[in-house]
Amino acid sequence: MSYIDNYLNHLTESGNPALADAVRDTVDKITPAYITTFSYKDHVVSLLEGNVQSGKTSHLFGLICSAADEGFKLFVLLTTDNNLLQQQTLYRVRKDLPDFCVCGESDEYSFFTNNMKRPAIVVLKKNGQVLKRWKNNFSSSHFCEGNPLFIVDDEADAASLNTLINRNKQSTVNKNLEEIKKTASSSIYIQVTGTPQALLLQSYQSGWRPYFTHYFSPGKGYIGGNELFPYDRPPYVILTDNEEATELLKDDEFAENGLKKAVLYHLVSSAEIFLNGGTVSNFLIHPSVKTDQHQKFAEKVGDYLNEIFQSIDEPFVNEAFTAVYNDLAATKPSISPFDVIMENITLMLETDGVNILVINSRNSFEDNVKYESGVNIIVGGNSLGRGVTIPKLQTTYYCRVAKSPQADTMWQHSRMFGYDRDLGLMRVFIPPVLYKLFAEINAANNSIISQIEKGRPEEVNIHYPEKLRPTRKNVLDEGVVKTFTGGVNYFPFYPENKDISKLDSILERFGEDTYSVNLRLFEEILENITSESDDWEPEDFKGFIQTIRTENPSAQGRLIVRRNRDIGKGTGTLLSPTDRALGDSITDEAVLTMYKITGNKDKGWNGAQIWIPNVKLPGKEVYYCI
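Now for a look at the structure at hand. (Residues numbered from 1 in each chain as written. Predicted model: local features only at pLDDT ≥ 70, side-chain atom pairs only at ≥ 80, totals over all residues. Heavy atoms only, no water.)

**Describing the pattern of salt bridges**
Side chains that carry opposite charge are capable of pairing whenever their charged atoms lie near each other.
Line of reasoning, step 1. Counting across every chain of the model gives 27 salt bridges.
Line of reasoning, step 2. Across the pair Glu179 and Lys135 runs a salt bridge, and its minimum N-O distance is 2.9 Å. With Glu179 in helix α7 (residues 172-182) and Lys135 in helix α6 (residues 128-141), the pair connects residues that are 44 residues apart, well separated along the chain.
Line of reasoning, step 3. Glu179 gets classed as partly exposed once you look at its relative accessible area, which sits at 25%.
Line of reasoning, step 4. Close ionic contact of Arg421 with Asp420 constitutes a salt bridge, the shortest N to O distance being 2.5 Å.
Line of reasoning, step 5. One connected set of salt bridges, linked through shared partners, spans Lys498, Glu527, Glu539 and Lys542. (Salt bridge = Lys/Arg side-chain N within 4 Å of Asp/Glu carboxyl O. Helix = DSSP H or I, 4+ residues; strand = E, 2+ residues; numbered from the N terminus. Buried < 20%, exposed > 50% of the residue type's maximum accessible area, 1.4 Å probe, protein only.)

Rendered as structure tokens:
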């Protein structure tokens, strides 16, 4: 039986037939197009995008198995520089892919003695020293001289890119990854992530922009951004005060607050889960990147639990639980009777059945996996970000506010996404300012996915509100990435018309007025205008217009047409005060103002008439492209 068939059988027998079908679909689409036809002389970079915690690891395991069936023998599986994640991934590879020789970071002996008899997978952190050591291992083994490397970079937008690109240097991890590729005569490098912003804003010259991109949809039952962070807040999200995280640490009293309420929700939802045969229920508190604050929050939660236990028979506690129960019953009508729930909670507290776990860089892997069963309250920061899967995560308290928020980093904190959650019993506690950011990131992610699915991944454009950056600055080449701001007028300083008769034909039906038009017309007009200099790239604006149409195929734009303007060449936007004010009054749609200039020589032109565009993108957003 083939490696892929063995793996799909394993998924099916583990109770995930739908996931097995989804993995089969991904393998069937990618293998014939890019693996079977691999040249064995090139170094190919590709991107596999899936939603956060939507089963990406299963898909990449499927691709590894399929590649092994195609004759690939050497695989490298990269994780972020996080001991917990590397150990979690290594454990999972050994469990799910028993037909392979699976090597951890210190398993050189197994790697060499296997001698390629079985396909080998080496699971490595993206750590400079680890990568350098294994680069030497690959090189000294001579296995790679005649065999391609198949490298899967899980969370490829983290750590892999050159963080010194704007200083004309190469960061250590980026350099070592590049050198590992070069130990082989050819390679397939698959970037895997749920947040591809940084990867899509790399240039092809960098060697890190994907040549092909595949998006796989989450399977049935997945709970993600569309369920929890639409613009209209769903009942599963409870807003807290914007300043609560700061105030909590100053306050020694047991004031009513979102965190305390979240503890009550977790007790009720956990009781319901265990009453129905469940064995695990988790609550994640993500307050800050600072590890010293994790312990303080854990102590707060411990105080809350003691207070609840000591006052469990008091009317005010019963009243608080009743309110929580009624709210959960609104989204989980089949919830057990209130009295039964309370009996279970009382027993839970009497038997010290709620575990409080602080998980951060100070803890070991063994300490960190104690949330696989039982009722747990987990407090942590960065260690609970990318790639870490928390089973049955029903309650989340997220209050980490960054001064300069980055879309990809925030989205990777969405550990509440996944398959095994009960949506009716889920609650996310979050301040309004953060909810709005998550909703905006969700909308932008949907835009990226739509562009990829509609078949133009090489032209993906990204836009975010001006306060939100797509990713960290140090991985974006300042000489390549271009930014445009919504509400600003853009125009070619030295315009040229490819064919003015064609523009005349397109615009002849429009008099001197303002029109609401399909955005396809904008693209048709911009297609015919260039510039004598490099100050105007029509493809940039066409790309943004296409992005808006991808998000909303019926989106409209405003076209303003003016003729017989006798204006000098190189005199700014050329817009009259009236037309500038008219354009500025339109904020939620793209505006294209077309001026037909007389072209008089005494105004600096060549004597021929010419159409000049002026483009204003909608909103107060920043648009990114390369």
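Further notes follow.
**A word on helix α17 (residues 432-453)**
Line of reasoning, step 1. Its 22 residues give α17 an end-to-end C-alpha distance of 31 Å, which sits within 8% of 32 Å, the value for a rise of 1.5 Å per residue.
Line of reasoning, step 2. Burial of α17 is extensive: 16 of the 22 residues sit out of reach of the surface. (Expected span 1.5 Å × (residues − 1).)

**A closer look at the sheet that holds strand β3 (residues 101-103)**
Line of reasoning, step 1. Strand order in the open sheet made by the seven strands is β3-β4-β2-β5-β6-β1-β7, with parallel pairing throughout. Pairing within the sheet leaves two strands with one partner each, and these edge strands are β3 and β7 (212-216). Averaged over all pairs of adjacent strands, the angle between strand axes in this sheet comes to 20°, irrespective of strand direction.
Line of reasoning, step 2. With respect to the sheet, helix α3 (residues 56-69) is in contact with β1 (43-50), β2 (74-79), β4 (120-125), β5 (149-154), β6 (187-193) and β7, its orientation differing from that of β5 by roughly 180°.
Line of reasoning, step 3. Helix-sheet contacts for helix α4 (residues 83-96) involve β2, β3 and β4, and the interaxial angle to β4 is about 165°. (Pairing = 2+ DSSP bridges. Axes fitted to C-alpha atoms, helices over the stretch in contact; angles between N-to-C directions. Contact = heavy atoms within 4.5 Å.)

**Some words on the nonpolar core**
Line of reasoning, step 1. Membership of the largest hydrophobic core comes to 78 residues, with the highest contact counts inside it found for Phe111, Leu228, Phe229 and Ile430.
Line of reasoning, step 2. For this core, the element with the most residues is α17, which contributes 10 residues.
Line of reasoning, step 3. Counting 42 residues, the second-largest nonpolar core is a separate cluster that includes Ala262, Ile285, Ile335 and Val375. (Core = buried A, V, L, I, M, F, W, Y, C linked by side-chain atoms within 4.5 Å.)

**Considering unusual backbone geometry**
Line of reasoning, step 1. Unlike most non-glycine residues, Glu155 shows phi in positive territory, near 60°.
Line of reasoning, step 2. Among the secondary structure elements, Glu155 is positioned in the loop between β5 and α7.
Line of reasoning, step 3. Overall, the relative accessible area of 4% leaves Glu155 in the buried class.

**Section: the packing of helix α11 (residues 258-275) against helix α13 (residues 315-331)**
Line of reasoning, step 1. For the pair α11 and α13, the least separation of the axes is 10 Å and the interaxial angle reads 60°. The orientation of α11 relative to α13 falls into the category oblique. For the element pair α11 and α13, the recorded crossing hand is right-handed. Between α11, through Leu264, Tyr265, Leu267, Val268 and Ser269, and α13, the contact on the second element is made entirely by Ala320, Phe321, Val324, Tyr325, Asp327 and Leu328.
Line of reasoning, step 2. Among the residues forming the contact of α11 with α13, the class breakdown is nine nonpolar, one polar and one charged. (Parallel < 35°, antiparallel > 145°, perpendicular 65-115°, else oblique. Left-handed = near helix turned anticlockwise from the far one by under 90°. Nonpolar A, V, L, I, M, F, W, Y, C, P; charged D, E, K, R; others polar.)

**Re the layout of surface pockets**
Line of reasoning, step 1. Its volume calculated, the largest pocket comes out at about 1,200 Å³.
Line of reasoning, step 2. For the largest pocket, the lining is made up of 48 residues, of which Leu19, Gly55, Ser58, Arg92 and Thr389 are closest to its centre.
Line of reasoning, step 3. Of all the elements in the fold, those that place two or more residues in the lining of the largest pocket are α1 (3-13), α2 (17-35), α3 and α4.
Line of reasoning, step 4. Ranked by residues supplied to the lining of the largest pocket, first place goes to α4 with seven residues.
Line of reasoning, step 5. The residues that make up the lining of the largest pocket include at least three from each of domain 1 (3-215) and domain 2 (225-430). (1 Å grid on protein atoms, 1.4 Å probe; cavity = no way out; pocket = protein on both sides within 12 Å on 5 of 7 lines; lining within 4 Å. Points joined across faces, edges and corners; volume = space filled by probe spheres on them. Domains from an automatic or database assignment.)

**Here we look at the pairing of strand β11 (residues 374-380)**
Line of reasoning, step 1. Among the seven residues in β11, seven count as buried, and that is most of the element.
Line of reasoning, step 2. One ladder, built from six bridges, connects strand β9 (residues 280-286) with β11; its direction is parallel. The partner of Leu284 across the bridge, within β11, is Ile378.

**Considerations on the sheet that holds strand β23 (residues 621-625)**
Line of reasoning, step 1. What the three strands build is an open sheet, ordered β14-β23-β15; its pairing is antiparallel. Edge positions in the open sheet fall to β14 (462-465) and β15 (482-485), since each of these has one partner strand only. Taken pair by pair, the neighbouring strands of this sheet meet at an average axis angle of 25°, ignoring direction.
Line of reasoning, step 2. When β15 meets β23, the two strands line up antiparallel, connected through four bridges. Looking at β23, one finds that Lys482 is bridged to Cys625.

The values are spatial; any link to function lies outside them.
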